[in-house]
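Chains, contacts and geometry: an overview
Each chain is listed here by its residues.
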Amino acid sequence: MFLVVSRYVYLSTKRLSCAPCTGTERPVRLSRASGFAGANGEVNLANDPRYFTWYELITTDVTAAAVFYSDVVGWGTQATSTSHLPYVLFTAGEVPAAGMMELPEAGRKMGAMPRWMGYVGVTDVYATADRIKRLGGDVYVPPTDTNIGRISVVADPHAATFGVVDRLLVTAQLSTDSGKPGRIGWQELFATDPDKEVAFYCDLFGWQKADTENHLTDAYVALSAGGQVIGGAFKNPSKGAPPFWLFYVNVVDLDAAAERVKAGGGQVSGNDVELPGGLWVAHCVDPQGAAFALQGKKGHGPKVGWSTQWQGFSSRGQLVAPKPQRKSEN
């Protein structure tokens, strides 16, 4: 996707080795009454790209990862390599859902780990990268024209890595896509300092803390863009672990998908609480070591088991729904 510089490779991928927590339960996550995140009450953000529009897996074994995710999620694959860089598209039906590229050898020698990364759509990557630096963040890969668009790989002031992109050359994921099977339906920031990190993203992208109903906890912060709840943030319960973004892929049958993760050599940590609308989640690690998550309905198979390596890393509660806006009275 881009020519990876050594500083980016080290700082942006190393943190996934710290994903398991110490047994502390995650804060409750509130939910819409719908099945997948984003299924109801959506605002069309097609003309307001300040949300995650593209996702990418950086891995040490493209061939094995393609087989694994195709089996677990049902994705197809499509090679879109250039003369400079091998690149694979994951497809949900005929629609691109995410990309995949090989982790460069230089990064591996520096201890970099496979990881997932999300790209926030912006109107001007150059201006956004400059603003990130002014707000105390870092730019690991400066604005660069690539086979998916003009991108920059950046980090917030606490080193949580993400990407920004304009002139996207692949089909962007719209907010209306986030409820569809095979698409990424939720993202969460495991933060070092939630208040400061949330303030950074709100300042940078104009995101807002979502005004939600049925609060079960104040520890979880819901984030919205254009009135649509797009993700959440909370304090990383693993002491000393750097912050990172975790992405949830929609599946039809969570039990079956979680079993396929384990059968394919991955790791699974499950949720033992049903969320409103029948939504359940499972946190996973693929065979190459990249962390991701699944969300969907429970099937009739065995319950998802707990992985001792994850030490009780759990997700409880619900997604968040914005309060309906009241019409002003004249």
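Residues numbered from 1 in each chain as written. Predicted model: local features only at pLDDT ≥ 70, side-chain atom pairs only at ≥ 80, totals over all residues. Heavy atoms only, no water.

Our next topic: helix α6 (residues 254-263). Those residues of α6 that sit buried are L254, D255, A257, A258 and V261. Each buried residue of α6 sits inside an arc of 165 degrees when the element is viewed along its axis, so together they form one side. Structurally, α6 contributes buried residues whose contacts are with α2 (62-73), β14 (244-253), β15 (267-270), β16 (279-285) and β17 (291-297). If you check the start of α6, you find a side-chain oxygen 3.1 Å away from the backbone N of D255, and it comes from D253. Residue G265 follows α6 closely and has a positive phi angle near 95 degrees. (Buried < 20%, exposed > 50% of the residue type's maximum accessible area, 1.4 Å probe, protein only. Helix = DSSP H or I, 4+ residues; strand = E, 2+ residues; numbered from the N terminus. Arc of directions from axis to C-beta. Contact = heavy atoms within 4.5 Å. Polar contact = N/O pair within 3.5 Å; in protein donor to acceptor, adjacent residues only side chain to side chain.)

So, about the environment of A65. If you trace the backbone, A65 turns up in helix α2. As a C-alpha pair, A65 and M100 span 35 residues in sequence and 8.8 Å in three-dimensional space. Not counting chain neighbours up to four residues away, the residues in contact with A65 comprise L57, T59, F90, M100 and Q288.

We now examine the sheet that holds β17. Spatially, eight strands are ordered β11-β12-β13-β10-β14-β17-β16-β15 in an open sheet, and the strand pairing comes out mixed. A strand with exactly one partner marks an edge of an open sheet, and here the two such strands are β11 (208-209) and β15. (Pairing = 2+ DSSP bridges.)

Here we come to α2. In this model, α2 (twelve residues) spans 16 Å end to end at C-alpha, consistent with the 16 Å of a helix rising 1.5 Å per residue. If you check which residues of α2 are buried, you get V62, A65, A66, F68, Y69, V72 and V73. Phi turns positive, to about 90 degrees, at G74, one or two residues after α2. (Expected span 1.5 Å × (residues − 1).)

Before going further, it helps to spend a moment on unusual backbone geometry. The residue A159 is not glycine, and still its phi comes out positive at about 80 degrees. Considering the arrangement of structural elements, one finds A159 in the loop between β8 (149-155) and β9 (161-166). The partly exposed category is assigned to A159, whose relative accessible area is 31%. Despite not being glycine, R167 has its phi angle at roughly 50 degrees, a positive value.

This part takes up the confidence of the model for the chain. If pLDDT is low for a region, its predicted coordinates should not be looked at in detail. On average, residues of the chain carry a pLDDT of 77, and 70% of them reach 70 or more. Here helix α1 (residues 6-13) stands out as the element of the chain with the lowest mean pLDDT, 32, in contrast to helix α4 (residues 125-134), whose mean of 97 is the highest. Note on residues 1-48: pLDDT is under 50 here. Beyond four places in sequence and across chains, it has 178 contacts. A low-confidence stretch, residues 301-330 (pLDDT under 50), is modelled with 101 contacts involving residues beyond four sequence positions or located in other chains. (pLDDT = per-residue confidence, 0-100.)

Let us look at the sheet that holds β9. A sheet is described by the order of its strands in space; here eight strands give the open sequence β3-β4-β5-β2-β6-β9-β8-β7, paired in mixed fashion. Unpaired on one side and paired on the other, β3 (76-79) and β7 (138-146) mark the two borders of the sheet. Adjacent strand axes in the sheet meet at a mean angle of 30 degrees when their direction is disregarded. With four bridges connecting them, strand β2 (residues 52-59) and strand β5 (residues 95-102) associate as parallel partners. (Axes fitted to C-alpha atoms, helices over the stretch in contact; angles between N-to-C directions.)

What follows covers the packing of α2 against α6. At a closest axis distance of 8 Å, the pairing of α2 and α6 adopts a crossing angle of 155 degrees. By the angle between their directions, the pair α2 and α6 is classed as roughly antiparallel. Here the hand of the crossing between α2 and α6 comes out right-handed. On α6, the residues that touch F68, D71 and V72 of α2 are A257, R260 and V261. Residues that form the contact of α2 with α6 fall into these classes: four nonpolar, no polar and two charged. (Parallel < 35°, antiparallel > 145°, perpendicular 65-115°, else oblique. Left-handed = near helix turned anticlockwise from the far one by under 90°. Nonpolar A, V, L, I, M, F, W, Y, C, P; charged D, E, K, R; others polar.)

Counting 59 residues, the largest nonpolar core has Y69, W116, F162, W207 and L294 as the members making the most contacts within it. Residue contacts for W207: discarding those within four places in its chain leaves R50, Y51, F52, V120, Y201, C202, L223, S224, A225, I230 and W245. In terms of nonpolar packing, the next biggest core, distinct from the first, is built from 18 residues, W54, Y119, I151 and V153 among them. (Core = buried A, V, L, I, M, F, W, Y, C linked by side-chain atoms within 4.5 Å.)

Glancing now at the environment of K297. Within the fold, K297 resides in strand β17. When the C-alpha atoms of K297 and V251 are compared, they prove to be 7.6 Å apart, with 46 residues separating the residues in sequence.

In this description, an aromatic ring pair is defined by two values, namely the gap between the centres and the angle between the planes. Going through the model one piece at a time under the given rule, you end up with 25 aromatic pairs. Relative to W116, the ring of Y69 lies with its centre 5.6 Å away and its plane at 80 degrees, an arrangement referred to as edge-to-face. With a gap of 47 residues between them, Y69 in helix α2 and W116 in strand β6 (residues 115-121) connect regions that are remote in the sequence. Look at Y69 and you get buried, because its relative accessible area is 1%. Taking the centre distance of 5.1 Å and the plane angle of 35 degrees together, the rings of F205 and W207 count as tilted. Taken individually, F205 and W207 each receive the classification buried, so the pair is uniform in this respect. A connected cluster of aromatic rings, assembled from ring pairs, spans F52, Y55, F162, F200, Y201, F205, W207, W245 and F247. (Phe/Tyr/Trp six-rings, centres within 6.5 Å; stacked < 30°, edge-to-face > 60°.)

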